[in-house]
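# Descriptive structure summary
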Amino acid sequence: GGRSTRLFAMVGNTTPGEVVPVDSLRPGTTGLNLVVKVLDAKEVMNKKRPDGSSVRIVECTVGDASGVILFSAKNKQQVETMKVGTTVRVHNGKIDMIRGTMRLAVDQWGLLKEESGGEEVLPNRDNNLSLVEYELVASTDLF
């Protein structure tokens with residue numbers, strides 16, 4: 001099947017795409033919509049490029065009632081949105097694999113939006129999906 005691209009307008013409280021629980025995330029999944037709470041944030045990279053721009057990556061533990069996962073915030077807007085204690089709606093997220101473990105990420109086709117006025121999200125820290133190591137068997141990806 002070809003890739004279908006769905007365009008949607010951000011209007012009011014419409015939720016394009018079904019919101020999925022954190023514990024349903026699997027390697028290689030894309031087009032993910034989640035509502036998660038940010039539990040912590042840790043800067044893992046901050047370096048200047050030769051052209052003067054900087055590369056800053058902040059890894060945040062985010063989660064919902066089903067579990068938690070690490071989110072890689074890769075630009076200023078993402079880092080500023082993923083503040084500890086904030087509930088965030090992830091549109092069109094995807095799973096990146098880093099050393100055999102999952103990270104939730106949003107590229108230029110996705111969106112992070114602070115969710116206000118929704119019900120309180122109480123993340124289940126006991127089920128951390130980023131602690132699960134996947135052995136990629138017969139994969140053509142070279143790490």
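Everything below is about the structure printed above this text.
Conventions we followed
Residues numbered from 1 in each chain as written. Predicted model: local features only at pLDDT ≥ 70, side-chain atom pairs only at ≥ 80, totals over all residues. Heavy atoms only, no water. 1 Å grid on protein atoms, 1.4 Å probe; cavity = no way out; pocket = protein on both sides within 12 Å on 5 of 7 lines; lining within 4 Å. Points joined across faces, edges and corners; volume = space filled by probe spheres on them. Nonpolar A, V, L, I, M, F, W, Y, C, P; charged D, E, K, R; others polar. Core = buried A, V, L, I, M, F, W, Y, C linked by side-chain atoms within 4.5 Å. Buried < 20%, exposed > 50% of the residue type's maximum accessible area, 1.4 Å probe, protein only. Helix = DSSP H or I, 4+ residues; strand = E, 2+ residues; numbered from the N terminus. Contact = heavy atoms within 4.5 Å. Pairing = 2+ DSSP bridges.

Attention shifts here to the layout of surface pockets. Here the second largest pocket is characterised by a volume of approximately 300 Å³. As for the second largest pocket, its lining consists of 15 residues, and the residues nearest its centre are V35, D64, E119, E120 and V121. Looking at side-chain class alone, the lining of the second largest pocket contains seven nonpolar, four polar and four charged residues.

Core analysis: the largest hydrophobic core is formed by 23 residues, its most contacted members being L25, V62, I69, F71, M82 and L104. Counting residues per element, the ones that place at least two in this core are β1 (32-48), β2 (54-64), β3 (67-73), β4 (87-98) and β5 (101-105). For L104, the residues in contact, after removing those within four places along its chain, are L32, L34, V62, I69, L70, F71, S72, V90, K94 and I95.

What follows concerns the pairing of β3. Buried residues dominate β3, accounting for seven of its seven residues. Side-chain alternation along β3 places G67, I69, F71 and A73 on one buried face and V68, L70 and S72 on a second face that is also buried. With seven bridges joining them, β2 and β3 adopt antiparallel strand pairing. Along β3, the bridge assignment pairs T61 with L70. Connecting the antiparallel pair β2 and β3 is a turn made up of two residues. Across three bridges, β3 lies against β5 in parallel orientation. Each residue of the ladder has a partner; that of L70, found in β5, is R103.

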